[in-house]
Amino acid sequence: MTSVKGKSLRVDGGASAVVAPEAAPPVYKRRRKPLTFDKISFFVVFLGLPLAIYIVFVISPFVQAFGYSLTDWSGFSPKQNFIGLENYRRLFTDDIFMKAMGNNILLVIVLPIVTIVLSLVLATLVTVGGSSRGQTKGLRNSSFYRVVSFFPYTIPAIAIGIMWGQIYDPSGGLLNGILTSLGMEQFKSFAWLGDKNTAMIATMFVIVWGFIGFYMVLFVAGIKGIPAELFEAARIDGAGRFRTAVSITIPLIRDNIQTAYIYMGILALDAFVYMAALNSGGGPDNSTLVMSQQLFFTAFTKGQFGLASAMGVVLAIATLIFSGLVFLVNRLTGGDKDVSL
Amino acid sequence: MTTQTASREMKSLHFNERKPAMTPADKVVGAVSHTALTIWSLIVILPLLWTFMSSFKTSSEIFASPFALPSQWRFDNYVKAWTEAGIGSYFLNSVIVVGSALVIVMVLGAMCAYVLARYVFFGSKAIYYLMLAGLTFPIFLAMVPLFFIMRNIGLLNTLPGLTLVYVGFALPFTVFFLFSFFKSLPHEITEAAALDGAGEWRTFFQVMLPMAKPGLASVAIFNFLGLWNQFLIPVAINAAGPRVLSQGLAAFAGQMGYAVDFGALFAAVTVTVVPVLIVYVIFQRQLQGSVSQGTSK
């Protein structure tokens, strides 16, 4: 903190040397808060400008989407008839959309759990894998693993999708090359993304691959924030590594886990980029089709903007329900209580 | 530090008979950990290396064997990807759009967060929750109306339009992160600045903003990654405009279909991946630091 103060003093000193072009009113007179030009312009620009952009490009589209979802608007026609909840009725009787929703639900169940468990395990190995004597130590040379694990997070999702599309390629891909060279000839030209039994699993693997490293770094940061004395105390009390991880580490980084769970779930409800890159048509038998793809197709290919907006609303509600559920479960299992040691 | 060494000494005194620092169990755990992490690292690195290697091969070489090294290290694929496929101009567009959006959103986001964090006025809480709403709703919900808003104001399929939308969608995250940051800065400093004669503007730009540098750096890194990787927004509102990198890459992969030039595709992916990867490796210390900062505060 002292260094920060020193810095600000330096800045002040420099500021006094700069001659302001406009004659600023003496500041000490503003005690009673008269509205000076300085103050008004400050609020207009500082609050007005960001808010204007935010409301025009973010909030107003969100609000309008709810309105559009109640019409039969096809976008380019001037007429839009109010049809109430008809679009929603159509969606919930549409087999393809329900299939897409089912796939999203599958993703929401599997992706967060797999990603978080694996990244927690890796984070635990990195932070407390060292000697059991003395201060709790991380594994030696662990920064290498951390740096490498984070690589996928810096790669654009579309590039990840395209790259894995080539790896899964039946004839020239890396995966089948490895498997056949290990003697598994049945995979010689197996189409991982073209078989409805494997397409979804292969796709999930790609998404997990892309995010484990990020959450691992997040959890490592969380674990490092736990005072070392707690680990030591647990060890003196006779807790082994596994017990320490379950009873000390996880409860103490619970908030991080909850955040990770919500982020991963929101991603699973979207998943558009990965699906578009790996199987743009929805995969064999629509086995990897998700709601966002269906929305995009309905809006920008078929031009049924009313129906597409209804899909957007369903997606938004699903997101809210999911976040609410995670908060609720975390609270019911005692997440808001202080962890007493 | 001293207490830790002391306690370690005490412990080693206590367990004097079992002197070795690493017990057999430790060694096993260490070996298992290293093995697991090495396998994971390989799973991360191998696909990247393979992509890099394949970017030097011809299509027929790629199909002949996925492992064989290219017969010669030629750069034809890169030339093809950069010029014919247009990756070069997409790259430039991305740099322009993401660069300007990043600068604008950092300035506007910092200003907005500063006002919300340091001033109490009617509606400030409401604005705060409005920002929260923007973070919770999926971008997908906004796409259809956004398309028509952009068309009505004549910014559909333009880079400035894309930039503005990027600013809008990066704003809530920026404001949230910096809100807590500005809140934690001591009030005495603002007072001191005011006593020294600084107006609101000057207090912000010459006193508060420099103090928020660590927070700004963290947010800027995450915003950069988020915007650079953005795919949905450009394909929705910039479909017919000058393409950005993620969009161009998808178009290139899609138009190739099942035939032609896989070597060029690998080269295009490599061109997309490598610059950011290099920047990451250079700045990884700061990035790891900012992740821990974001979580521990």
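Residues numbered from 1 in each chain as written. Chains lettered and ligands numbered in written order. Predicted model: local features only at pLDDT ≥ 70, side-chain atom pairs only at ≥ 80, totals over all residues.

Focus on the overall build of chain B
Note the threshold: What counts as a helix is a DSSP run of H or I of at least four residues, what counts as a strand is a run of E of at least two, and both are numbered from the N terminus. We call a residue exposed when 12 or fewer other C-beta atoms sit within 10 Å of its C-beta, buried when the count reaches 20 or more, and partly exposed for counts in between; the C-beta positions come from the backbone. The contact criterion used is a C-beta to C-beta distance within 7 Å, with each C-beta placed from the backbone.
Along chain B, the regular secondary structure elements total 14 helices and 0 strands. Going from N to C terminus, chain B has its helices and strands arranged as α-α-α-α-α-α-α-α-α-α-α-α-α-α. Here chain B holds 297 residues, and 42% of them are scored as buried. Of the contacts formed within chain B by residues at least 6 apart in sequence, a portion of 78% connects residues at least 24 apart.

With respect to the interface of chain B and chain A
Let me state the cut-off plainly: In this classification, the charged set is Asp, Glu, Lys and Arg, the nonpolar set is Ala, Val, Leu, Ile, Met, Phe, Trp, Tyr, Cys and Pro, and all remaining amino acids, among them Gly, are polar.
Taken together, the contact pairs 91 residues of chain B with 90 residues of chain A. Here the residues of the side of chain B that touches chain A sort into 62 nonpolar, 23 polar and 6 charged.

Concerning the environment of Arg118(B)
Residue and element names in this part refer to chain B. Note on placement: Arg118 falls in helix H5 (residues 87–118). We classify Arg118 as partly exposed; it has 16 C-beta atoms within 10 Å. Distance in space between the C-alpha atoms of Arg118 and Phe182 is 7.4 Å, their sequence separation being 64 residues. Apart from the residues within four sequence positions on either side, Arg118 is in contact with Phe182 and Thr190.

Quick word on the environment of Gly215(B)
All names here are of chain B. Here Gly215 is to be found in helix H11 (residues 213–228). Exposure remark for Gly215: the 23 C-beta atoms within 10 Å place this residue in the buried category. Taking C-alpha positions, Gly215 is 6.6 Å from Leu178, a pair spaced 37 residues apart along the chain. Sequence-distant contacts of Gly215, that is, excluding residues within four places in its chain, are made with Phe177, Leu178 and Phe181.

What about the confidence of the model for chain B?
All names here are of chain B. Cut-off, in case you're wondering: Per-residue confidence from the predictor is reported as pLDDT, which spans 0 to 100.
In this model, chain B carries an average pLDDT of 84, and 87% of its residues clear a pLDDT of 70 or more. By mean pLDDT, the top-scoring element of chain B is H5 (94), and the lowest-scoring one is helix H1 (residues 2–14) (45). Here residues 1–20 is modelled with pLDDT under 50, and outside its nearest four sequence neighbours on either side it reaches 4 contacts, counting other chains as well. Among the scores for the predicted complex, ipTM is 0.84 and pTM is 0.84.

Some details on the packing of helix H5 (residues 142–154) of chain A against helix H2 (residues 24–54) of chain B
The line we're drawing: To obtain each axis, a line is fitted to C-alpha atoms, and for helices this fit is confined to the stretch in contact; angles are then taken between N-to-C directions over 0 to 180 degrees. Note on terminology: angles under 35 degrees are roughly parallel, angles over 145 are roughly antiparallel, angles of 65 to 115 are roughly perpendicular, and the others are oblique. Throughout, a crossing is termed right-handed when the near helix is turned clockwise from the far one, and left-handed when it is turned anticlockwise from it by less than a right angle.
Taken N-terminus to C-terminus, the directions of H5(A) and H2(B) make an angle of 40 degrees; their axes are 9 Å apart at the nearest point. Classed by the angle they form, the pair H5(A) and H2(B) counts as oblique. Considering only the axes of H5(A) and H2(B), their crossing is left-handed. Contact residues: H5(A) offers Tyr145(A), Val148(A), Ser149(A), Phe151(A) and Pro152(A), while H2(B) offers Leu37(B), Trp40(B), Ser41(B), Val44(B), Ile45(B) and Leu48(B).

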